[in-house]
Amino acid sequence: MTRPFNFSAGPANLPEAVLQQAAAEMLDWHGSGMSVMEMSHRGKEFISIYENAEADFRELMAVPNNFKILFMQGGGLAENAIVPLNLSRGGSADFVVTGSWSDKSQKEARKYCDVQIAATTESSAFTSLPPTASWQLRRNASYVHVCTNETIHGVEFQQLPDLKGLGSDAPLVIDFSSQVASRPVDWSRVGLAFGGAQKNLGPAGVTLVVVREDLLDHALPVCPSAFNYKTVADNDSMYNTPPTYAIYIAGLTFQWLKRQREGEATGIEAIEKHNVAKAQLLYDAIDNSQLYLNKVSKDCRSRMNVPFFLRDESRNDAFLAGAKARGLLQLKGHKSVGGMRASIYNAMPLAGVQALVSYLQEFEQKQA
Ligand SMILES: Cc1ncc(COP(=O)(O)O)c(C=O)c1O
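All residue numbers here refer to positions counted from 1 along the written sequence of the relevant chain. Selection of residues for local features in this predicted model requires a pLDDT of at least 70, selection of side-chain atom pairs for listing and counting requires 80 or more, and totals for whole chains, interfaces and linings are taken over all residues. Water and hydrogen atoms play no part in the side-chain values, which are based on all heavy atoms of the structure.

## Section: the packing of aromatic side chains
Only Phe, Tyr and Trp rings take part, Trp by its six-membered ring, and two of them pair if their centres are within 6.5 Å. Stacked means planes under 30 degrees apart, edge-to-face means over 60, and tilted covers everything else. As enumerated under the stated definition, the model contains 12 aromatic pairs in all. Ring centres 5.1 Å apart and planes at 50° place the aromatic pair F57 and F254 in the tilted group. Taken as a pair, F57 in helix 2 (residues 44–61) and F254 in helix 6 (residues 244–258) lie far apart in primary sequence, 197 residues in all. Residue classification places F57 among the buried positions, given a relative accessible area of 0%. Put simply, DSSP H or I for four residues or longer makes a helix, DSSP E for two residues or longer makes a strand, and each gets a number counted from the N terminus. With a 1.4 Å probe rolled over the protein chains alone, any residue whose accessible area is under 20% of its type maximum counts as buried; one over 50% counts as exposed, and the rest are partly exposed.

What follows is the structure in structure tokens.
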């Protein structure tokens, strides 16, 4: 069966090899007689799944040993509260607002600490990134929050800010929900990274948190125990019942990522090369057309989420209907932005982007 190409922003498509393996193991995981869904999280079978997932992610992303990898619940939005509960120490935090998600983050954090907007690109309708030299960072901030890929606006940091170089000792917190495992991370610049799994890693339900050990033990007394990073870390993410099936699928995805090859490159470097090639193909098709338009500055266009508009918006419905008929699904843009959005995460094959580009050209020619 050939499946359609799914451009959803999340929950999003998963590698077909992962879905096939999960299907094959659904009723009986490795001779255990159980589905992974039916296992105790404290049994040896699930513990081995968990330990492999953790080790594979650490290896894949070269996460240093002084960082803990936590598998939590609540998604990115819960982390908007969990981070200040754990890191703010009741003090202050600085936010760089580059789109809807970082804006949501700063609004939530206001419940727990003193928030300042260090920089914002609201005046450019979130189509650019503020130069780091313009960021107003406070000396006493407990942390600085950045969303490294704005899923709705299609704006991505091509490199992480060097806070030390900007004169700040505050740890950098990154929301990498829609960017995780699509490119390497420079962990020397990061204090904490969080992201829901449902875009690049697996099904909704598990949230990955990678946190430097020295940031673990500062939670406010009101922080729920299940959301206290130290408690979660001390219990290997099993203080409460973790989202076991989602962790299992994420683990299969990590193995799939480790198997990636592109020339000499392997693993995360290989998937990054694939992602660069896919994004280039799609942005070139948009830029070279008379009908389609992407408004984001070229230096910060997202490799993962490509919002675009038809210059003649009266054709939107026809565009989407024609796409669906060709097996190109979920291309409608976010309601706050309009237009279209093609999310081309790790699991989107090059063939999917090629099919989309052919359709873009065909639709434009037909309507000319
Ligand atoms: C960058 C980013 N942060 C946070 C979220 C919210 O994640 P969740 O729905 O898992 O809470 C999303 C969801 O799309 C996102 O794209």
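## Overview of the nonpolar core
In this structure, F57, M61, F71, W187, V210 and Y248 are the most contacted members of the largest nonpolar core, which totals 54 residues. No other element matches helix 6, which puts 10 residues into this core. In what follows, a contact means two residues having at least one pair of non-hydrogen atoms within 4.5 Å. With residues up to four places along the chain from it excluded, the contact list for F57 reads A62, V63, I69, V180, L208, V210 and F254. In this structure, Y283, A285, L331 and I344 belong to the second largest nonpolar core, which totals 25 residues. Definition used in this section: a nonpolar core is a set of buried Ala, Val, Leu, Ile, Met, Phe, Trp, Tyr and Cys residues joined via side-chain atoms within 4.5 Å.

## Section: the site of the ligand
The cutoff for a nearby residue is simple: one of its non-hydrogen atoms must lie within 4 Å of the molecule or strand. All residues in the neighbourhood of the ligand are listed as G75, G76, L77, W101, C147, N149, T151, D175, S177, S178, Q198 and K199. Between T151 and the ligand, the recorded distance is 2.4 Å, taken from a side-chain N or O atom to an oxygen atom. Between the ligand and the protein, one listed contact pairs a nitrogen atom with a side-chain N or O atom of S177 at 3.5 Å. The accessible surface values rely on the Shrake-Rupley method and a 1.4 Å probe; as for residues, cover is taken only from the protein chains in view. In the complex, 84% of the free accessible area of the ligand, which totals 390 Å², lies under the protein chains. Counting residues per element, the shell around the ligand draws most heavily on helix 3 (residues 75–87), which supplies 3 residues. Residues belonging to the shell around the ligand are distributed by class as follows: 3 nonpolar, 7 polar and 2 charged. Polar contact is the term for a pair of N or O atoms within 3.5 Å; when the atoms are in protein, one must be able to donate a hydrogen and the other to accept it, and sequence-neighboring residues count only if both atoms are side-chain atoms. In this classification, Asp, Glu, Lys and Arg are treated as charged, Ala, Val, Leu, Ile, Met, Phe, Trp, Tyr, Cys and Pro as nonpolar, and every other residue, Gly included, as polar.

## Side note on the sheet that holds strand 4 (residues 114–120)
Across the sheet, 7 strands lie side by side as 2-10-9-8-5-3-4; this open sheet has mixed pairing. The outermost strands of the open sheet, each flanked by one partner alone, are strand 2 (67–72) and strand 4. Across the sheet, the mean angle from the axis of one strand to that of its neighbour is 20°, orientation sign disregarded. Two elements, strand 3 (residues 92–97) and strand 5 (residues 143–147), share 3 bridges in a ladder whose sense is parallel. Opposite D94, over in strand 5, you have V144 as the bridge partner. Here, axes are lines fitted to C-alpha atoms. For helices the fit covers the stretch in contact, and angles between N-to-C directions go from 0 to 180 degrees. Its contacts with the sheet put helix 3 on strand 2, strand 5, strand 8 (172–175), strand 9 (192–196) and strand 10 (207–212), and the angle it makes with strand 9 is roughly 155°. Note: two strands are recorded as paired if DSSP finds a minimum of 2 bridges between them.

## Some remarks on the pattern of salt bridges
Any carboxyl oxygen of Asp or Glu that lies within 4 Å of a side-chain nitrogen of Lys or Arg is treated as forming a salt bridge with it. Going through the model one piece at a time under the given rule, you end up with 18 salt bridges. Across the salt bridge formed by K298 and D287, the nearest N and O atoms sit 3.8 Å from each other. Taken as a pair, K298 in the loop between strand 13 (292–293) and strand 14 (305–310) and D287 in helix 7 (residues 267–287) lie far apart in primary sequence, 11 residues in all. Ionic pairing is found between D287 and R301, a salt bridge with its closest N-O pair at 2.9 Å. With D287 in helix 7 and R301 in the loop between strand 13 and strand 14, the pair connects residues that are 14 residues apart, well separated along the chain. By relative accessible area, D287 is classed as partly exposed at 31%. Looking at R301, the relative accessible area reads 10%, which means it is buried. Taken together, the shared-partner salt bridges connect D56, E59 and K258 into one network.

## Describing the packing of helix 8 (residues 316–325) against helix 9 (residues 350–367)
For the pair helix 8 and helix 9, the least separation of the axes is 11 Å and the interaxial angle reads 135°. On the basis of the axis angle, helix 8 is oblique to helix 9. Read as a crossing pair, helix 8 and helix 9 show a hand that is right-handed. Where helix 8 approaches helix 9, its residues A318, F319, G322 and A323 are matched on the opposing element by Y359, L360 and F363. Grouping the amino acids of the contact of helix 8 with helix 9 by side-chain chemistry returns 6 nonpolar, 1 polar and no charged. Throughout, the term roughly parallel applies to angles under 35 degrees, roughly antiparallel to angles over 145, roughly perpendicular to angles from 65 to 115, and oblique to all others. Rotating anticlockwise by less than a right angle from the far helix to the near helix defines a left-handed crossing, while the corresponding clockwise rotation defines a right-handed one.

## Topic: the side chain of E156
With respect to the secondary-structure elements, E156 resides in strand 7 (residues 155–156). Judged by relative accessible area, which is 0%, E156 ranks as buried. Among the polar contacts listed, one links the side chain of E156 to the side chain of R183, at a separation of 2.8 Å. Separated by 2.7 Å, the side chain of E156 and the backbone nitrogen of R303 make a polar contact. Not counting residues within four places of it along the chain, the set of residues in contact with E156 comprises L129, T148, N149, Q179, R183, C300, R301, S302, R303 and M304.

So, to be careful, I would describe these as geometric facts and stop short of saying anything about function.
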